[in-house]
Amino acid sequence: MSDEERQRRGKLETLRKKGGAFPNDFRRDAFAAELREKYGEHPELLADKKIRVKVAGRMMSRRVMGKAAFADIRDASGRIQLFLQRDALPSGVYDGEFKQYDIGDILAAEGELFHTKSGELSVRADALRLLTKSLRPLPEKYHGLSDAELKYRRRYLDLIMSEDARGVFVMRAKTVEYLREFMRAHKFLEVETPMMHPIPGGAVARPFITHHNALDMQLYLRIAPELYLKRLLVGGFERVFELGRIFRNEGVSTRHNPEFTMLEFYQAYADYRDFMDMSEEMLRGLCAELHGAPEFTYQKKRIDLAPPFARITLRESLLREHAELDDAKLADKNFLAKYAANLGVEVKPEDGAGKLQLEIFEKTVEEKLQNPTFITEYPVEVSPLSRRNDDNPEVSDRFELFIAGREIANGFSELNDPDDQAERFRAQQKAATGGDKDAMHFDADYIRALEYGMPPAAGEGIGIDRLIMLFTDSPSIRDVLLFPHMRPEGGRAE
């Protein structure tokens, strides 16, 4: 414990003896931002009026000048300045209490609004109280938290010190609000499906495993809500969406977190082309809502969402990137295996031509898709829930949307043929037997649901965290997660 922490704890003990530690009877009636918006640029509104306010917030700075002082406090909306005079406050408050307060303490103040000579909106306080004693000193104001890992581990401290950090999560909240309103405006019903599944399904991913004691059964945290949402299509809900958490027991990186947020939605009597159009409309509108125009800058690169998004097939993207490839080679598993291995891809014996095409694409093409681009016609081999293309049964009616070199959305025309779906589940089972830990399980109840009849439909999933990364110009997914998963600190003292 530092000397300063000991001093702060000593002040707290004094408060405890007086019976005044951590009160909870103050009720404010004004927020800083509202006051600044209404009166900040309009001193005439205060000229002949005595407007009293009650404000509260964390003291971030102060300037003591003998018998008077200024202190800045910040609430959830912003900053407001307090003007404190010894003779305007109750006896002993200024010299005996205020001068003992520390930066980081949470204060309450009452008084009249006025503008200083420099034009700063302030509260001329005639009542001042300490609501919460801060026992740890804040980082130095002008440096804040420079250690990125510390920002993620102690997000509360990052939020105290950084207006930019707070802005990211305000924008995140606005994004979620916009997406919900967009879906409702398009007549989608918001639903909630289970987060613990008896069978992991809806994605090719490794699940987290848990155990239900009362039922004595193994359960899996959901890797996707897809199969439950499509059961609702069978049940007659023709437009549904869910916005919630997904869990995948996979790596941690600047683009991946084992717990993330996904928007998934499904519509009967629509196909993947309809959802590409809808995705463009959604993202343009969201960008305009957040930035005032359908364009933004990500990592110094301007991204314009106004023009129609590019649409090319996976095959076309590979042929463009690799002059030595042609249609015959793209169908030759042995050639692709060697080609992929030379690129550093880990090739497995069970990988077919379609899987290898995708591996080569992800290794060489994906990161180059900076402007909004839909990649379509993914191989059926890597699309176990997608409808086959009518003209080419080797590919699916599927797309993925890429912006700034990363996947933002995945959508497709849904496979509603129960026999075809059962066959693909069996193929996934075979892959699992061969060692593929991400392969899907056979979901007999889902097949039974399809046998009752699911209307032709389209579905899509959008990764919210990556979307927020783009619109907040954040290089790491950890920057847009309030509490990202981290390795243990190793038991070091706090």
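None of these values were measured; they are calculated from a predicted model.

1. Topic: the overall build of the protein
For step 1, the next point in the chain: Of the regular secondary structure elements, the protein holds 15 helices and 18 strands.
For step 2, the next point in the chain: Taking all 494 residues of the protein together, 48% fall into the buried category.
For step 3, the next point in the chain: Here the contacts in the protein between residues at least 6 apart in sequence split such that 65% fall between residues at least 24 apart.
For step 4, the next point in the chain: Here the protein has roughly 25,100 Å² of accessible surface; of this, 49% comes from carbon and sulfur atoms.
For step 5, the next point in the chain: Put simply, the protein has 75 plus and 84 minus side-chain charges, and the middle of one group is 8 Å from the middle of the other.

2. Considering the pattern of salt bridges
For step 1, the next point in the chain: Taken as a whole and judged by the stated rule, the model has 42 salt bridges.
For step 2, the next point in the chain: When the shortest N-O distance is used, the salt bridge between Glu120 and Arg79 registers 3.1 Å. With Glu120 in the loop between β4 (106-115) and β5 (121-132) and Arg79 in strand β3 (residues 78-85), this residue pair connects regions lying 41 residues apart in the sequence.
For step 3, the next point in the chain: Using a relative accessible area of 31% as the deciding quantity, one classes Arg79 as partly exposed.
For step 4, the next point in the chain: Between Glu295 and Arg302 there is a salt bridge; the shortest N-O distance is 2.8 Å.
For step 5, the next point in the chain: With a relative accessible area of 33%, Glu295 lands in the partly exposed category.
For step 6, the next point in the chain: Among the charged side chains, a salt-bridge network with shared partners connects Lys11, Asp102, Asp105 and Lys133.

3. Digging into the sheet that holds strand β8 (residues 209-212)
For step 1, the next point in the chain: What the three strands build is an open sheet, ordered β7-β9-β8; its pairing is antiparallel. With one partner strand each, in any of the chains shown, β7 (196-197) and β8 form the two edges of the open sheet.
For step 2, the next point in the chain: Where β7 meets strand β9 (residues 217-221), two bridges bridge the pair, whose relative direction is antiparallel. Residue His197 lies in a different strand from β9, and its bridge partner there is Tyr220.

4. Thoughts on the side chain of Asp397
For step 1, the next point in the chain: Relative to the helices and strands, Asp397 resides in the loop between β15 (373-376) and β16 (398-403).
For step 2, the next point in the chain: Assessed through its relative accessible area of 6%, Asp397 is described here as buried.
For step 3, the next point in the chain: With sequence-adjacent residues up to four places away left out, Asp397 is seen in contact with Tyr272, Arg387, Arg388, Asn389, Phe412 and Ser413.

5. Some remarks on the pairing of strand β1 (residues 52-65)
For step 1, the next point in the chain: Where β1 meets β4, seven bridges bridge the pair, whose relative direction is antiparallel. Across the sheet, the residue bridging to Gly57 is Leu107, located in β4.
For step 2, the next point in the chain: Examined bridge by bridge, β1 and strand β2 (residues 68-75) share seven bridges and lie antiparallel to one another. Bridge pairing in β2 links Met65 to Ala68.
For step 3, the next point in the chain: As consecutive antiparallel partners, β1 and β2 are separated by two residues, and within that stretch Gly66 has a phi angle of approximately 70°, a positive value.

6. Notes on the packing of aromatic side chains
For step 1, the next point in the chain: Applying the stated criterion to the full structure yields 14 aromatic pairs.
For step 2, the next point in the chain: Within the aromatic cluster, the residues linked to one another by ring pairs are Phe70, Phe83 and Phe114.
For step 3, the next point in the chain: Its guanidinium or amino end placed over the ring of Tyr228, Arg231 lies 4.9 Å from that ring's centre, counting from NZ or CZ.
For step 4, the next point in the chain: The ring of Tyr378 has Arg398 lying over it, and the distance from NZ or CZ to the ring centre is 4.3 Å.

7. Some thoughts on unusual backbone geometry
For step 1, the next point in the chain: Residue Phe22 is not a glycine yet carries a positive backbone phi of 55°.
For step 2, the next point in the chain: Counting through the fold element by element, Phe22 comes out in the loop between α1 (3-18) and α2 (32-39).
For step 3, the next point in the chain: The backbone of Lys187 shows a phi angle near 70°, a positive value even though the residue is not glycine.

8. Description of the side chain of His197
For step 1, the next point in the chain: Note that His197 resides in strand β7.
For step 2, the next point in the chain: There is a polar contact of 2.8 Å between the side chain of His197 and the backbone oxygen of Pro194.
For step 3, the next point in the chain: In this view, His197 contacts Leu219, Tyr220, Arg222, Ala224 and Tyr228; residues no more than four positions away in its chain are not counted.

9. Some points on helix α8 (residues 272-291)
For step 1, the next point in the chain: Here α8 contains 20 residues, and its C-alpha end-to-end distance of 28 Å stays within 8% of the 28 Å for a straight helix at 1.5 Å per residue.
For step 2, the next point in the chain: Within the sequence span of α8, burial applies to Tyr272, Phe275, Met276, Met278, Ser279, Glu280, Met282, Leu283, Leu286, Cys287 and Leu290.
For step 3, the next point in the chain: Its side-chain oxygen 3.0 Å from the backbone nitrogen of Arg273, Asp271 forms the N-cap of α8.
For step 4, the next point in the chain: The first or second residue beyond α8 is Gly292, which carries a positive phi of 80°.

10. Some words on the sheet that holds strand β17 (residues 406-413)
For step 1, the next point in the chain: Strand order in this open sheet of eight strands is β6-β10-β11-β18-β17-β16-β15-β14, and the pairing throughout is mixed. In the strand order of this sheet, the two ends are held by β6 (189-190) and β14 (310-313), each with one partner.
For step 2, the next point in the chain: Sheet topology note: the β16/β17 ladder contains six bridges and is antiparallel. Opposite Leu401, over in β17, you have Ala409 as the bridge partner.
For step 3, the next point in the chain: Packed onto the sheet, helix α7 (residues 226-235) meets β10 (239-247), β11 (259-268), β17 and β18 (457-463) and runs at close to 20° relative to β11.
For step 4, the next point in the chain: Running over the sheet, helix α9 (residues 314-321) touches β14 and β15 and is turned about 85° from β14.

11. Comments concerning the packing of helix α11 (residues 333-342) against helix α12 (residues 353-364)
For step 1, the next point in the chain: For the pair α11 and α12, interaxial distance at closest approach is 9 Å and the crossing angle is 25°. In this view, α11 runs roughly parallel relative to α12, as classed from their interaxial angle. When you trace α11 past α12, the crossing you get is left-handed. For the pair α11 and α12, the contacting residues are Lys333, Leu336, Ala337, Tyr339 and Ala340 in the first and Ala353, Leu356, Gln357 and Ile360 in the second.

12. Some points on α11
For step 1, the next point in the chain: Along α11, the residues classified as buried are Leu336, Tyr339 and Ala340. For α11, the arc enclosing every buried residue in end-on projection is 95°, short of the 170-degree limit, so these residues lie on one face. Facing away from the buried surface of α11 by more than 90 degrees, the exposed residues are Asn334, Lys338 and Asn342.
For step 2, the next point in the chain: Those residues of α11 that are buried are in contact with α10 (327-330) and α12.
For step 3, the next point in the chain: Phi for Gly344, located one or two positions after α11, is positive at around 95°.

Cut-offs and rules
Residue numbering note: each chain is counted from 1, following its sequence as written. Confidence filtering applies because this is a predicted model: local features only for residues at pLDDT of at least 70, side-chain atom pairs given and counted only at 80 or more, and all residues used for totals across whole chains, interfaces and linings. The side-chain figures draw on all heavy atoms in the structure; neither hydrogens nor water molecules are used. Working definition: helices are DSSP H or I runs of at least four residues, strands are E runs of at least two. Numbering for both runs from the N terminus. Buried means the residue's accessible area, taken with a 1.4 Å probe over protein chains only, is under 20% of the maximum for its type, while exposed means over 50%, and partly exposed covers the values in between. Contact definition: two residues touch when any of their heavy atoms are within 4.5 Å. For every accessible area listed, the method is Shrake-Rupley and the probe measures 1.4 Å; residues are considered covered only by the protein chains on display. When charges are counted, Lys and Arg are positive and Asp and Glu negative, with His and the chain ends excluded. One atom stands in for each charge, and that atom is NZ of Lys, CZ of Arg, CG of Asp or CD of Glu. A pairing counts as a salt bridge when a side-chain nitrogen of Lys or Arg comes within 4 Å of a carboxyl oxygen of Asp or Glu. Note on pairing: two strands pair once DSSP finds at least 2 bridges between them. Aromatic rings from Phe, Tyr and Trp, with only the six-membered ring used for Trp, were paired whenever their centres fell within 6.5 Å, and each pair was classed as stacked if the ring planes differed by under 30 degrees, edge-to-face if by over 60, and tilted otherwise. Charge-over-ring contacts are defined here by two conditions on Lys NZ or Arg CZ: a distance within 6 Å of the ring centre and an angle within 35 degrees of the ring normal. Throughout this description, a polar contact denotes any pair of N or O atoms lying within 3.5 Å of each other; where both atoms belong to protein, one of them has to be capable of donating a hydrogen while the other can accept it, and for residues adjacent in sequence the pair is counted only when both atoms sit in side chains. Residue count minus one, scaled by 1.5 Å, sets the expected span of a helix. The axes used here are C-alpha line fits, helices contributing only the stretch in contact, and every angle between their N-to-C directions lies in the interval 0 to 180 degrees. Any angle that falls under 35 degrees is termed roughly parallel, while one over 145 is termed roughly antiparallel, one within 65 to 115 roughly perpendicular, and all others oblique. Should the near helix be turned anticlockwise from the far one by less than a right angle, the crossing is termed left-handed; should it be turned clockwise, right-handed. For this quantity, the arc is that covered by the directions from the helix axis to the C-beta atoms.

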